[in-house]
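Coordinate inspection notes
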Amino acid sequence: MKSPSSEIRRARPSLGTFVEIGAAGEHAGMAIEAAFREIETIHRLMSFHETDSEIARLHRAPLLTAQQVDPRTYEVLSWGQKISALSDGAFDITVGPLITVWGFYKGEGGLPRPEAVKDALNPVRYQYVRLDPGPRTVRFARPGMDLDPGGIGKGHAVDRMVKVLKQAGVRIALVSASGSSIYGLGAPPDEPQGWPITIRSPRDPSHRLAVRAGRASLPPDGDDDHPRLPRLPRQAEPGERGRARAARPVERGGEIDAGRGGPRHRLLRRRVHERAEV
């Protein structure tokens, strides 16, 4: 991120990556600290690894038992379920069992037995997550379900941080979570066209593209150098290495994480903007 002369910039580890905030304004320093406190709270609520997180508590709850959750957790799960439905399952927030059986949570990886993959696939059904907006409760209608908010969690966390900055009176800021979810707010004093973002070519790192980010989220993705589960969980196998992905501005950070790349991304974005109540 290029930093204007009056900007305060800080970075910290969170959500399994580094989060960087640059902001300008009279109270920018205090606003940045408040934004980092917000993302720390989100991490405590929705971390799969923390045994006392709300997500872990939901996983331990008896079948069909309603569990009340924090408004931020409910917002992510509601948005994730909506995207799952709008994408016809191309994204599924209940993909946790598959990610576990392939060893992605602990970074181990490995080739599981076909029977294990079949068993893990059985509870992957977003339709069996029951949400009640009144009391903000969540319950599972199928045993063995595991939520994986990581698919949209990072973009959502960036959105929440920007909201905190706005509430503190900040009008010029750039928030970046590992460079894969970026939100440009306003424009730096010396860059009236917007925040300058550099995107490397997925095929040739020496080639770079300069774009502008302002009042929108942007995923500056190149190659995906790590195998990952496809957004269509029914395939139940990791995707290929080295696939190039596209960068495009969106209005909501969760859109970035849920539907990256290609026709599925375009389909998801069209359906979200046409039908979702955001």
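Our subject in this report is the structure included herewith. Not measured: the values here are computed from a predicted model. (Residues numbered from 1 in each chain as written. Predicted model: local features only at pLDDT ≥ 70, side-chain atom pairs only at ≥ 80, totals over all residues. Heavy atoms only, no water.)

1. Some details on the sheet that holds strand β4 (residues 129-132)
This is how the line gets drawn: Any two strands are treated as partners once DSSP identifies two or more bridges connecting them. For the purposes of this entry, the term helix denotes a DSSP run of H or I that reaches at least four residues, the term strand denotes a run of E that reaches at least two, and both are numbered from the N terminus. The contact definition used throughout considers only heavy atoms, calling two residues in contact when any of these lie within 4.5 Å. Only C-alpha atoms enter the line fits that serve as axes; for helices the fit covers just the stretch in contact. Angles between N-to-C directions range over 0 to 180 degrees.
Taken together, the 3 strands give an open sheet; going across it, the order is β3-β5-β4, and neighbouring strands pair in antiparallel fashion. Two strands in the sheet have a free side with no partner beyond their single neighbour: β3 (67-68) and β4. Relative to strand β5 (residues 137-140), β3 is paired through 2 bridges, and the arrangement is antiparallel. What sits directly across from Q68, in β5, is T137. In this fold helix α3 (residues 71-86) packs onto β4 and β5, with an angle of close to 125 degrees to the strand it touches most, β4.

2. Overview of the pattern of salt bridges
Rules: Only one rule defines a salt bridge in this text: a Lys or Arg side-chain nitrogen within 4 Å of an Asp or Glu carboxyl oxygen. Burial classes follow relative accessibility: with a 1.4 Å probe on protein chains only, a residue under 20% of its type's maximum area counts as buried, one over 50% as exposed, and anything between as partly exposed.
Taken as a whole and judged by the stated rule, the model has 9 salt bridges. Put simply, R57 and E54 hold a salt bridge, and the shortest N to O gap is 3.3 Å. One end of the pair, R57, and the other, E54, are both in helix α2 (residues 54-60), 3 residues apart, so they sit about a helical turn from each other. Under the relative-accessibility criterion, E54 is labelled buried at 13%. Residues R160 and E75 are paired through a salt bridge, measuring 3.5 Å at the closest nitrogen-oxygen approach. Placement of the pair is R160 in helix α6 (residues 150-167) and E75 in helix α3, with a sequence separation of 85 residues. Residues joined by salt bridges that share partners form a network here, namely E38, D70, R72, E75 and R160.

3. Describing the nonpolar core
Within soluble globular proteins, side chains that are nonpolar generally end up buried alongside one another. Selection rule: Residues grouped as a nonpolar core are buried Ala, Val, Leu, Ile, Met, Phe, Trp, Tyr and Cys residues, joined through side-chain atoms within 4.5 Å.
One finds I21, L58, V138, L147, M161 and L165 to be the most contacted residues of the largest nonpolar core, which totals 40 residues. Those elements that place two or more of their residues in this core are β2 (17-24), α1 (28-46), α2, α3, β5, α6, β6 (172-177) and β7 (181-185). Looking at which element gives the most residues to this core, the answer is α1, with 9 residues. With residues near it in sequence (within four places) discarded, L58 still touches Q67, V69, L77, V138, F140 and L147. L98, I99, W102 and V124 belong to the second-largest nonpolar core, a separate cluster that totals 8 residues.

4. What about the packing of aromatic side chains?
The line we're drawing: The criterion for an aromatic pair is that two Phe, Tyr or Trp rings (for Trp, the six-membered ring) have centres within 6.5 Å, with stacked assigned to planes under 30 degrees apart, edge-to-face to planes over 60 apart and tilted to the rest. Geometrically, a lysine NZ or arginine CZ counts as sitting over a ring once it is within 6 Å of the ring centre and also within 35 degrees of the ring normal.
Scanning all chains against the criterion turns up 0 aromatic pairs. Looking at R142, its charged tip hangs above the ring of Y128, at a distance of 4.3 Å from the centre.

5. Remarks on unusual backbone geometry
Even without a glycine there, the phi angle at L64 is positive, about 65 degrees. Its identity as a non-glycine residue notwithstanding, D88 has a phi of 55 degrees, on the positive side.

6. Topic: the packing of α1 against α3
Quick reminder of the rule: If an angle is under 35 degrees, it is roughly parallel; if it is over 145, roughly antiparallel; if it lies from 65 to 115, roughly perpendicular; otherwise it is oblique. Crossing handedness is read from the near helix: turned anticlockwise from the far helix by less than a right angle, it gives a left-handed crossing, and turned clockwise, a right-handed one. Amino acid classes used here: Ala, Val, Leu, Ile, Met, Phe, Trp, Tyr, Cys and Pro are nonpolar; Asp, Glu, Lys and Arg are charged; the rest, including Gly, are polar.
Packing of α1 against α3 brings their axes to within 10 Å, and their N-to-C directions diverge by 70 degrees. Taken together, the axis directions place α1 and α3 in an arrangement best described as roughly perpendicular. The handedness of the crossing between α1 and α3 is right-handed. Contacts between α1 and α3 involve E38, T41, I42, L45 and M46 from the first element and R72, T73 and V76 from the second. Here the contact of α1 with α3 is built from residues that sort into 4 nonpolar, 2 polar and 2 charged.

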